[in-house]
Amino acid sequence: MTQGEIRDLPGLPKTLVDGHLRFRREEHAKNRGRYRQLAELGQAPTAMVVACCDARVDVSTVFDTEHGELFILRNVANLVPPYEPDGKYHGTSAAIEFAVQVLKVPHLIVLGHSRCGGVEAYRQKVRGKVPERGFIGSWLTMLDNLKIDESEIFEYGDETAFEFAAIRSSLTNLRSFPFIKKRMKEGLLALHGLHFDLGSGHLLALKEGSERFAAIGEP
Ligand SMILES: [Zn+2]
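A short tour of the structure in this document, coming up. (Residues numbered from 1 in each chain as written. Predicted model: local features only at pLDDT ≥ 70, side-chain atom pairs only at ≥ 80, totals over all residues.)

1. Remarks on the overall build of the protein chain
Then, number 1: The number of helices and strands found in the protein chain is nine helices and six strands.
Then, number 2: Projecting the C-alpha coordinates of the protein chain onto the three principal axes gives extents of approximately 60 × 45 × 45 Å.
Then, number 3: Looking at the protein chain as a whole, 26% of its 219 residues are labelled buried.
Then, number 4: Considering only contacts within the protein chain whose residues lie at least 6 apart along the sequence, 59% involve residues at least 24 apart. (Helix = DSSP H or I, 4+ residues; strand = E, 2+ residues; numbered from the N terminus. Buried ≥ 20, exposed ≤ 12 C-beta atoms within 10 Å, placed from the backbone. Contact = placed C-beta atoms within 7 Å.)

2. Things to note about the pairing of strand S3 (residues 107-113)
Each regular strand carries side chains that alternate between the two faces of the sheet.
Then, number 1: Along S3, six of the seven residues are buried, which leaves the element largely enclosed by surrounding structure.
Then, number 2: Taken together, the four bridges between strand S1 (residues 47-52) and S3 define a ladder with parallel strand orientation. By the bridge assignment, Val50 is partnered in S3 with Val110.
Then, number 3: Examined bridge by bridge, S3 and strand S4 (residues 190-196) share seven bridges and lie parallel to one another. What sits directly across from His107, in S4, is Ala190. (Pairing = 2+ DSSP bridges.)

3. Details of unusual backbone geometry
Then, number 1: Of note, Asn78 is a non-glycine position whose phi angle comes to about 45°, a positive value.
Then, number 2: Looking at Asn78, the number of C-beta atoms within 10 Å reads 31, which means it is buried.

4. Describing the packing of helix H5 (residues 117-126) against helix H8 (residues 158-174)
Then, number 1: Taken N-terminus to C-terminus, the directions of H5 and H8 make an angle of 110°; their axes are 10 Å apart at the nearest point. By the angle between their axes, H5 is roughly perpendicular relative to H8. On the side of H5, the interface is formed by Val119, Glu120, Tyr122 and Arg123, while H8 contributes Asp158, Glu159, Phe162, Glu163 and Ala166.
Then, number 2: Grouping the amino acids of the contact of H5 with H8 by side-chain chemistry returns four nonpolar, no polar and five charged. (Axes fitted to C-alpha atoms, helices over the stretch in contact; angles between N-to-C directions. Parallel < 35°, antiparallel > 145°, perpendicular 65-115°, else oblique. Nonpolar A, V, L, I, M, F, W, Y, C, P; charged D, E, K, R; others polar.)

5. Topic: the nonpolar core
Then, number 1: Residues Val49, Ala51, Ala77, Leu111 and Ala166 are the most contacted members of the largest nonpolar core, which totals 43 residues.
Then, number 2: Elements represented by at least two residues in this core include exactly S1, strand S2 (70-75), helix H4 (91-102), S3, H5, H8, S4 and strand S5 (203-206).
Then, number 3: It is H8 that provides the largest number of residues to this core, a total of seven residues. (Core = buried A, V, L, I, M, F, W, Y, C linked by C-beta atoms within 7 Å.)

6. Some thoughts on the environment of Ala121
Then, number 1: Following the sequence through the fold, Ala121 ends up in helix H5.
Then, number 2: Along the primary structure Ala121 and Lys185 are separated by 64 residues, whereas in three dimensions their C-alpha atoms are 36 Å apart.
Then, number 3: Beyond its immediate chain neighbours, meaning those up to four positions away, Ala121 contacts Glu132, Ile136 and Leu140.

7. Here we look at the sheet that holds strand S6 (residues 213-215)
Then, number 1: Sheet architecture is open: six strands sit in the order S2-S1-S3-S4-S5-S6, paired in mixed fashion. With partners counted over all chains shown, the strands left at the sheet margins are S2 and S6, one partner each. The sheet shows a mean angle of 25° between the axes of neighbouring strands, direction not considered.
Then, number 2: In the sheet, S1 pairs with S2 via six bridges, with the strands oriented parallel. Considered in S2, the bridge of Met48 is made with Phe71.
Then, number 3: Against the sheet, H8 makes contact with S1, S3, S4 and S6, and its axis sits at roughly 165° relative to S4, the strand it touches most.

8. Concerning the environment of Arg175
Then, number 1: With respect to the helices and strands, the residue Arg175 is situated in the loop between H8 and helix H9 (178-185).
Then, number 2: Sequence-wise, Arg175 and Lys185 are ten residues apart; in three dimensions their C-alpha atoms are separated by 11 Å.
Then, number 3: Each residue touching Arg175, except ones within four places of it in the same chain, is listed here: Ile180 and Lys181.

Laid out in structure tokens, this is it:
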């Protein structure tokens, strides 16, 4: 501990303080050069990931990536709004604009997941239960008129079919951004839809050129 550092911040859980000190002692100390390089040269992530806020969807852990490798945006139900240049607060669109226009990421991934509370709130509304209100309610109106694949309900169950449909909806909305369309046309950007199963730890991916999800397995 250096002079002026405080050991326990009032109210900050001890597990977080201890975790941070462990990070500095172990991870940061081992990769000091890489951290310094990132600080000096800036970020150059290999992909942007739009994931859910859900605490169980730890993106860097799922992909076993290094510090600085992914540009991650997390929001309720991993949703991307359509392109709306209306001067309002668009946090998700701003992050996407930065990743594509400034960082020029070659891959943009929408990462959905099982047991998604956000998608479930929307599903409950569709299935005739009480609609969600407040900010979440407004946010989920983005999913209104979501197209659910009946064969996926049969194969995976109602909850998962809604999660798949929400991923497809985000991908459709991503294609409505002119700068995304342009970079895709130039072959400089690829979009991907993935679904993470919390229990098994497995990923399902939308197959290129197909609307079907398939498991990612060992080669
Ligand atoms: Zn979720």
